[in-house]
Amino acid sequence: MERFGRVIIVTVDGLGIGALPDASCYGDEGSHTFDNTARAVGGIGAANLEALGLGNIEGVDALGRVGRPLGCYGRMAEASRGKDTSTGHWEIAGVVTDRPPPTFPHGFPGEMMERFERITGLGWLGNRPASGTEIIEELGREHLATGRPIVYTSADSVFQVAAHVDVMAPERLYELCRSVRPLADDYGVARVIARPFTGRPGSFTRLPIRKDFSMAPPRPTLLDAVKEAGLDVMAVGKIGDIFAHRGTSAEYPTKSDAEGIERTVEVMAAVERGLVFTNLVDLDTLYGHRNDPRGYAAALEAVDAGLAEITSRLRGDDMLVVTADHGCDPTTPSTDHSREYVPLLVHGPALRRGVDLGTRESFADVAATAAAALGVAPPDRGVSFLDEIVPPREIRTSVDTD
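Here the structure is a predicted model, which means the values were calculated and not measured.

1. Quick notes on the overall build of the chain
What the chain contains, in helices and strands, is 13 helices and 14 strands. In summary, the chain has a C-alpha radius of gyration of 21 Å against a globular reference of 21 Å for 402 residues, a match within 12%. Along the first, second and third principal axes, the C-alpha atoms of the chain reach 65 × 45 × 35 Å. Buried positions account for 57% of the 402 residues belonging to the chain. Sequence separation of 24 or more characterises 70% of the internal contacts of the chain that already satisfy a separation of 6 or more. When the accessible area of the chain is evaluated, it comes to approximately 15300 Å², of which 48% is carbon and sulfur surface. Charge separation in the chain, taken as the distance between the mean sites of 41 positive and 58 negative side-chain charges, equals 2 Å.

Below, the structure written as structure tokens:
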């Protein structure tokens, strides 16, 4: 079989489309990030996602169905246990985790914080689950007075460290978090997150320059397979951080979804063959976790407009996959991720249109399909749907792939 030249995966962070059957085990029954948000704000204008087939997916009721979608469409269940950013992205890349990373609902253990002090030479404030904006407002004045970093966690497996830029320059905070990563490995924490902020008491503001220091995936991923085959792996947004900078050829950190779309378009103009993997995080970070449905809806509409820029630049041998890593319903009492199905939208000039891909048992089906399209080693998990979306003998390429 001839191969596609490029696969572009765009992960819209936190775009869930309905509670999974086991959502009650996570306290997420009733979650439906897209539908609930649309109903809360009186509708979401998402013409490009609608044209690709989002409204045709089973369980999506708040967007219109189209007679012949431009894309192939379906929904995916998460086979991994958990609802974390890392596990979701790893599964998209073919790694299913059977045990969720640990969470710390009562804060981190005393011996862990003692080791934190020895490693950093600093004390700490906080050490409990909290909203990031709330805890820096609560402890920011004491932080400015003492210089002690603010440590907190959430319902996810994260060790977050916040510091005011006047107390600790961002580069120093990044270095501190990098030095703590081995400690987090000992306790199985998925991500150490640096959270620089600025402002004064009563008006502190987190800056869009966070850095995630992730545990490495436990097994080789799609990224590793593509890179080992000699193809480019271009990581846009926080993809490099999520995969612990393994399996990437070049990384393009971004400060906003608008920049993420811009970088994706730029990379597409430069890369001949390989994988472009983009994370668009604003819906999750800025609005889902803050229970702001109006902000979420506006941000999704902006992403939808940006997708037109990406689809207009697809080559004849491109495959575009639009999906998500979990839900983050801004209409529920929880401020955490939600255990939901995620959309699967697949589009490209050489692909069939309007194929219903149904409900996939794992996000890893994306990795299996991308591997088959690029002609690289398949992941351990996942079922390819390439044969369902490619007309017989019509896979074509604009570059020589022999």
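2. Describing helix α3 (residues 85-92)
Burial within α3 is extensive, with 8 of its 8 residues counted as buried. For α3, the N-terminal capping position is held by Asp84, with its side-chain oxygen 2.8 Å away from the main-chain nitrogen of Ser86. Phi turns positive, to about 100 degrees, at Gly94, one or two residues after α3.

3. A closer look at the packing of aromatic side chains
Throughout the structure, instances matching the rule amount to 5 aromatic pairs. Each ring, one from Phe104 and one from Phe108, has its centre 4.8 Å from the other, and the planes form 45 degrees; the classification is tilted. We classify Phe108 as buried; its relative accessible area is 4%. Put simply, the rings of Phe104, Phe108, Phe116 and Phe159 touch in pairs and so form one group of aromatic residues. The ring of Tyr341 is capped by Arg75, whose NZ or CZ atom sits 3.9 Å from the centre of that ring.

4. Some remarks on the pattern of salt bridges
In total, this model carries 24 salt bridges according to the counting rule given. The closest approach of N and O atoms between Lys238 and Asp13, which form a salt bridge, is 3.9 Å. Placement of Lys238 in the loop between β9 (232-236) and α8 (239-242) and of Asp13 in the loop between β1 (6-12) and α1 (33-41) is noted, with a sequence separation of 225 residues between them. Residues participating in the shared-partner salt-bridge network are Asp84, Arg191, Arg210 and Asp212.

5. Here we look at the pairing of strand β6 (residues 191-198)
Within β6, 7 of the 8 residues are buried, leaving the element largely enclosed by the surrounding structure. By the bridge criterion, 7 bridges tie strand β5 (residues 158-164) to β6 in an arrangement that is parallel. Opposite Phe159, over in β6, you have Val192 as the bridge partner. Between the parallel pair β5 and β6, the chain is carried across by helix α6 (residues 170-186), and the sense of this crossover is right-handed. Of the strand pairs in this sheet, β6 and strand β8 (residues 211-214) are connected by 4 bridges, and their pairing is antiparallel. Residue pairing for β8: Arg191 is matched across the bridge by Ser214.

6. Focus: the packing of α1 against helix α11 (residues 293-311)
Between α1 and α11, the shortest axis-to-axis distance is 9 Å and the interhelical angle comes to 110 degrees. Between α1 and α11, the crossing angle belongs to the class labelled roughly perpendicular. The residues of α11 that touch α1, namely those facing Thr33, Phe34, Thr37, Ala40 and Val41, are Pro293, Arg294, Tyr296, Ala297 and Leu300. Looking at the contact of α1 with α11 residue by residue, the classes come out as 7 nonpolar, 2 polar and 1 charged.

7. Concerning unusual backbone geometry
Its identity is not glycine, yet Ala244 carries a phi of approximately 55 degrees, on the positive side. By the element assignment, Ala244 lies in the loop between α8 and β10 (250-252). Phi is positive for His245, close to 60 degrees, though the residue is something other than glycine. Tracing the sequence through the fold places His245 in the loop between α8 and β10. Residue classification places His245 among the partly exposed residues on the basis of a relative accessible area of 43%.

The rules behind the values
- Residues numbered from 1 in each chain as written.
- Predicted model: local features only at pLDDT ≥ 70, side-chain atom pairs only at ≥ 80, totals over all residues.
- Heavy atoms only, no water.
- Helix = DSSP H or I, 4+ residues; strand = E, 2+ residues; numbered from the N terminus.
- Rg over C-alpha atoms; globule rule 2.2 N^0.38 Å.
- Buried < 20%, exposed > 50% of the residue type's maximum accessible area, 1.4 Å probe, protein only.
- Contact = heavy atoms within 4.5 Å.
- Areas by Shrake-Rupley, 256 points an atom, 1.4 Å probe, with all protein chains shown as cover.
- Lys, Arg positive; Asp, Glu negative; His and termini not counted.
- Charge placed at Lys NZ, Arg CZ, Asp CG, Glu CD.
- Polar contact = N/O pair within 3.5 Å; in protein donor to acceptor, adjacent residues only side chain to side chain.
- Phe/Tyr/Trp six-rings, centres within 6.5 Å; stacked < 30°, edge-to-face > 60°.
- Lys NZ or Arg CZ within 6 Å of the ring centre and 35° of its normal.
- Salt bridge = Lys/Arg side-chain N within 4 Å of Asp/Glu carboxyl O.
- Pairing = 2+ DSSP bridges.
- Right-handed = clockwise from strand over helix to strand, strands pointing away.
- Axes fitted to C-alpha atoms, helices over the stretch in contact; angles between N-to-C directions.
- Parallel < 35°, antiparallel > 145°, perpendicular 65-115°, else oblique.
- Nonpolar A, V, L, I, M, F, W, Y, C, P; charged D, E, K, R; others polar.

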